[in-house]
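Chain and residue survey
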Amino acid sequence: MHNSSQLRKEFIKKWIHGLQICCSSKKHMNLMERKKKIKLSADIALASAKNATTSWSKALIADVKIDEENMILINNLSGPESKFVGAHDQRVTCHKRIRSKKILKKSCGVGKRIKRMGSRRSDLATCIAERLVKKRTKVLKRLVPGGESMDEVTIIKEALDYILSLRVQVDVMKNVVNATGVLD
Amino acid sequence: MSSRRSREAPRITDDQIIQLLSKLQQLLPEIRNRRSNKASASKVLQETCNYVRSLHQEVDDLSDRLSQLLSTVDANSPEASIIQSLIM
C-alpha cells in the first residue's frame, strides 16, 4: 500500500515548510548547523508524511521529540500530536518485555544446543544459516527506526516501507539540490 | 500475562516470510540484476542493511551539499530571491 507520488507531494510540502521554519530563525548559521537543520527537517517531513501509518515513522518522531528544541518543527509539520504520543512509552515497555523474554530463552536454549551437537552434518548447515539470518536481522533492527522492538516479520515489512520512503526522500533532495545548484 | 496473549496470535507461516523476503529482494539494486530466486535469506538481509546504510549516507551527503549551496547564495542576485522565497 505504498503510494509514492502521494508521499512525494506530502514530503516536499512538509520539507519546504520545515526549511522555512529552520532557516528563517537564524540568519547566520555555520555549515554544520544548517546541514543538521536541513537533515532534521527532511527526516521529520518524511516521517510525518506517512501520517502515523507505519511503526518506523512513529518511532522516528518519538526519537526526535526527545530533544526539546525540535518541538517547534514537529508541531508545525506533523499536525495533531496525539497520533505520535505514547510511541516512545510503548517502546520502553516493549524493551522490558523483550529483555525478560530473552533471558528466559537463553536459559532454555542451552539444553537444546547440547542435544543438537549430537545430530548430523546437514543440521550444522541449517544452524549456521539460522545464525547468519539472526545476526543480519539484528543489524537491520538497528538501522530501521524503532526496529529493536519488532518481531521478525514486522521488521521485514517495515524495512520494505522504510526503503521505499527513503528513496523518495533521496530523490526529492537530489532534485532540490540540482535546482539550487543551477540557480547559483 | 503478556506472553499468554502473544501465544494466541496467529502463527507466522514460512510462506509469508518467503514472500516478504522476495518483495525485499525486488527492491535491492544488487540482487535485482542477477538471476532472481537465487538469493538466500541471509544474503537478502545483508543487502538490505547495506542498501539502507547507503540511502542514509546519500541523505547525509545531500544535506551537506544543500547546506553549502544555500550558504554561498549571493545575497543580491535575482536567483537568491527565488531561493529565499522558496526555502528560507
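Throughout what follows, the structure given in this document is the object of discussion. Because the structure is a prediction, the values reported are computed rather than measured. Each chain has its residues counted from 1, following the order in which its sequence is written. In the order they appear in the text, chains get letters beginning with A and ligands get numbers beginning with 1. In keeping with the predicted nature of the model, local features appear solely for residues at pLDDT of at least 70, side-chain atom pairs appear and are counted solely at 80 or more, and the whole-chain, interface and lining totals rest on all residues. Only hydrogens and water are removed before side-chain values are computed, so all heavy atoms of the structure are retained for them.

Looking only at helices and strands, chain A has seven helices and zero strands in total. Each helix (α) and strand (β) of chain A, taken in turn from the N terminus, gives the series α-α-α-α-α-α-α. Each residue is assigned to one of three classes by its accessible area relative to the maximum for its type, calculated with a 1.4 Å probe on protein chains only: buried under 20%, partly exposed between the two thresholds, exposed over 50%. Each of the 184 residues in chain A was classed as buried or not, and the buried ones make up 38%. Each helix is a run of DSSP H or I of at least 4 residues and each strand a run of E of at least 2, with the numbering of both proceeding from the N terminus.

Further remarks concern the pattern of salt bridges. Should a side-chain nitrogen of Lys or Arg be within 4 Å of a carboxyl oxygen of Asp or Glu, the pair is scored as a salt bridge. A complete count under the given rule lists eight salt bridges over all chains for this structure. In this structure, the salt-bridge partner of Glu 58 of chain B is Lys 174 of chain A, at a minimum N-O distance of 3.5 Å. Of this pair, Glu 58 of chain B sits in helix H4 (residues 41-71) while Lys 174 of chain A sits in helix H7 (residues 152-183), each in a different chain. The exposure class assigned to Lys 174 of chain A is partly exposed, which follows from its relative accessible area of 37%. The salt bridge involving Glu 47 of chain B is made with Lys 43 of chain B; its shortest N-O contact spans 3.7 Å. Of this pair, Glu 47 of chain B and Lys 43 of chain B are both found in helix H4, four residues apart, which corresponds to roughly one turn of the helix. By relative accessible area, which is 10% here, Glu 47 of chain B ends up buried.

Attention shifts here to the packing of helix H2 (residues 31-49) of chain A against H4 of chain B. Axes here mean lines fitted to C-alpha atoms, for a helix over just the part in contact, with angles spanning 0 to 180 degrees between N-to-C directions. Relative orientation of the contacting elements H2 of chain A and H4 of chain B amounts to 125°, with a least axis distance of 8 Å. Our classification of the angle between H2 of chain A and H4 of chain B gives oblique. Between H2 of chain A and H4 of chain B lies a crossing of right-handed hand. Judged by residue contacts, Leu 31, Arg 34, Lys 35, Ile 38 and Lys 39 of chain A of H2 of chain A engage Val 59, Asp 60, Ser 63, Asp 64, Leu 66, Ser 67, Gln 68, Leu 70 and Ser 71 of chain B from H4 of chain B. Charged residues are taken to be Asp, Glu, Lys and Arg, nonpolar residues to be Ala, Val, Leu, Ile, Met, Phe, Trp, Tyr, Cys and Pro, and polar residues to be all remaining types, Gly included. Here the contact of H2 of chain A with H4 of chain B is composed, by residue class, of five nonpolar, four polar and five charged. Just so you know how the angles are binned, under 35 degrees is roughly parallel, over 145 roughly antiparallel, 65 to 115 roughly perpendicular, and the rest oblique. Each crossing gets its hand from how the near helix is turned against the far one by less than a right angle, where anticlockwise is left-handed and clockwise is right-handed. Pairs of residues are marked as contacts when any of their non-hydrogen atoms sit within 4.5 Å.

Residues and elements named next belong to chain B. What a helix should span is 1.5 Å times the count of its residues minus one. The end-to-end C-alpha distance of helix H2 (residues 14-27), which contains 14 residues, comes to 20 Å, matching closely the 20 Å that a straight helix rising 1.5 Å per residue would cover. Every buried residue belonging to H2 is among Leu 20, Leu 21, Leu 24, Gln 25 and Leu 27, and all of these are buried. The buried residues of H2 all sit within an arc of 150° when viewed along its axis, so they share a single face. In H2, those exposed residues whose orientation departs by more than 90 degrees from the buried face are Asp 15, Ile 18 and Gln 19. In this description, the arc belongs to the directions extending from the helix axis to the C-beta atoms.

Counting residues at the interface gives 41 residues for chain A and 44 residues for chain B. At the boundary of chain A with chain B, total buried surface from both sides reaches about 4,200 Å², with 76% on carbon and sulfur atoms. In this structure, the connection of chain A to chain B is made through four salt bridges. Here a polar contact is recorded for every N or O atom pair within 3.5 Å, except that within protein the pair must consist of a potential hydrogen donor and a potential acceptor, and residues adjacent in sequence are included only if both atoms are side-chain atoms. Summed over the shared surface of chain A and chain B, the number is seven residue pairs in polar contact (both at pLDDT 80 or more). The element best represented in the side of chain A that touches chain B is H7 of chain A, accounting for 20 residues. Of the residues that constitute the side of chain A that touches chain B, the class distribution is 24 nonpolar, seven polar and ten charged. The term buried area refers to how much accessible surface (probe radius 1.4 Å) is lost by two components on association, counted for both of them together.

Residue and element names in this part refer to chain A. Within 6.5 Å between ring centres, the rings of Phe, Tyr and Trp (the latter by its six-membered ring) count as paired, and their orientation is classed by plane angle as stacked under 30 degrees, edge-to-face over 60, tilted in between. Per the counting criterion, the structure on display carries two aromatic pairs over all chains. Seen in terms of ring centroids, Phe 11 and Trp 15 are 5.7 Å apart; in terms of plane orientation they differ by 10°. Their pairing is stacked. A residue pair is termed a helical-turn pair when its members lie 3 or 4 positions apart in one helix, as Phe 11 and Trp 15 do in helix H1 (residues 4-25) at four residues. On the numbers, 4.9 Å between centres and 55° between planes, the contact of Trp 56 with Tyr 162 is tilted. Note that Trp 56 is positioned in helix H3 (residues 55-65) and Tyr 162 in helix H7, a separation of 106 residues in sequence. You'll find Trp 56 and Tyr 162 in the same group, each marked buried.

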